[in-house]
Amino acid sequence: VIKVRVLEMSHMIDENDIQQKVNDLLALPFVAGEFPVPVEKIANYLGFNCYLFKPDETTIDISGAVDHRTKKIFINSNEPAKRQLFTVAHEIGHI
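Rules and cut-offs
- Residues numbered from 1 in each chain as written.
- Predicted model: local features only at pLDDT ≥ 70, side-chain atom pairs only at ≥ 80, totals over all residues.
- Heavy atoms only, no water.
- Phe/Tyr/Trp six-rings, centres within 6.5 Å; stacked < 30°, edge-to-face > 60°.
- Helix = DSSP H or I, 4+ residues; strand = E, 2+ residues; numbered from the N terminus.
- Lys NZ or Arg CZ within 6 Å of the ring centre and 35° of its normal.

Q: Which residues make up the packing of aromatic side chains, and what values do they have?
A: What the rule picks out here adds up to two aromatic pairs. Taking the centre distance of 5.9 Å and the plane angle of 55° together, the rings of Phe-30 and Tyr-45 count as tilted. You can see Phe-30 sitting in the loop between α1 (15-26) and α2 (39-45) and its partner Tyr-45 sitting in helix α2, a full 15 residues away along the chain. Their ring planes at 35° and their centres at 6.2 Å tell us that Tyr-51 and Phe-74 sit as a pair that is tilted. Here Tyr-51 is found in strand β1 (residues 49-53), whereas its partner Phe-74 is found in strand β3 (residues 72-76), with 23 residues between them in sequence. Positioned above the aromatic ring of Tyr-51 is the side chain of Lys-72, whose terminal nitrogen or guanidinium carbon lies 5.3 Å from the ring centre.

In structure tokens form, the structure reads like this:
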């Protein structure tokens with residue numbers, strides 16, 4: 001079981017609702033029991049595609065971003081693979 005910590009925000013979502021959404025995603029047939037969690041498959045299931053970007057001097061400190069309009073998640077290609085997985089999971093949290 002993965003526990004989710006929710007920070008106070010102006011658009012608060014009930015912590016139990018978030019936890020249930022996480023549990024539902026982790027129970028999907030193509031996710032359950034997989035390690036590491038196939039976060040890119042989860043993003044695809046949610047209708048989003050993941051893309052690597054090569055940062056320049058203005059984006060060097062950005063690990064990732066999500067564009068809700070185009071349903072794209074952008075991941076910094078210079079980051080280590082484990083960090084990229086974390087970033088995809090983090091961006092899924094913004095969906």
